Amino acid sequence: MHTADYDKALYYTYRSEWDHLLILMVRTKDDLLSKKIEQFLHAYNFEKDYTVVQKRLNALLRYIDHALDVYEQEPMLTMQYDY
């Protein structure tokens, strides 16, 4: 797994670069990341209730955090089973 997409998603979200986030959504190989970005951008552009936008942003950030945690643990998991 490659973490560049997650780093880019965090950076673009922090900088409010929605065009770049949209391009990342299309190009990433991670379907769940793509879906979370899509849901957030849709809510950001069309939702009148700010709590929905906040929920979608939190869901995106939680997924990125989870994916990075899994990536950090992968080498340790493979090392346990090497004989």
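Structure's up top.
Values in this document were obtained by computation on a predicted structure and should not be read as measured data. (Residues numbered from 1 in each chain as written. Predicted model: local features only at pLDDT ≥ 70, side-chain atom pairs only at ≥ 80, totals over all residues. Heavy atoms only, no water.)

A. Region of interest: the packing of helix 2 (residues 18–27) against helix 3 (residues 31–46). Where helix 2 contacts helix 3, the two axes come as close as 9 Å, and the packing angle between them is 145 degrees. Here helix 2 and helix 3 pass one another in a crossing that is left-handed. When helix 2 is examined against helix 3, the residues Trp18, Leu21, Leu22, Leu24 and Met25 are found in contact with a partner set consisting of Ser34, Ile37, Glu38, Phe40, Leu41 and Tyr44. For the contact of helix 2 with helix 3, the class distribution of residues is nine nonpolar, one polar and one charged. (Axes fitted to C-alpha atoms, helices over the stretch in contact; angles between N-to-C directions. Helix = DSSP H or I, 4+ residues; strand = E, 2+ residues; numbered from the N terminus. Left-handed = near helix turned anticlockwise from the far one by under 90°. Contact = heavy atoms within 4.5 Å. Nonpolar A, V, L, I, M, F, W, Y, C, P; charged D, E, K, R; others polar.)

B. Examining the nonpolar core more closely. Counting residues in each nonpolar core, the largest one holds 18 residues, and the members touching the most others are Tyr6, Leu21, Leu33, Ile37, Phe40 and Ile64. Mapped onto this core, the elements with two or more residues apiece are helix 1 (4–14), helix 2, helix 3 and helix 4 (50–80). In contact with Leu21, other than residues within four places in its own chain, are Ala9, Tyr12, Thr13, Ile37, Phe40 and Leu41. (Core = buried A, V, L, I, M, F, W, Y, C linked by side-chain atoms within 4.5 Å. Buried < 20%, exposed > 50% of the residue type's maximum accessible area, 1.4 Å probe, protein only.)

C. Main features of helix 2. Inspection of helix 2 places Trp18, Leu21, Leu24 and Met25 among the buried residues, and these make up the whole buried set. Projected down its long axis, helix 2 shows its buried positions confined to an angular sector of 115 degrees, all on one face. In helix 2, the exposed residues that point more than 90 degrees away from the buried face are Asp19, Val26 and Arg27. Buried residues in helix 2 make contact with helix 1 and helix 3. (Arc of directions from axis to C-beta.)

D. A look at unusual backbone geometry. In this model, Ser16 sits at a positive phi of 55 degrees, which is unusual for a non-glycine residue. Among the residues examined, Ser16 registers a relative accessible area of 43% and is labelled partly exposed.

E. Spatial organisation of the environment of Ser34. Locating Ser34 in the fold gives a position in helix 3. The buried category is assigned to Ser34, whose relative accessible area is 19%. Residue contacts for Ser34: discarding those within four places in its chain leaves Met25 and Thr28.

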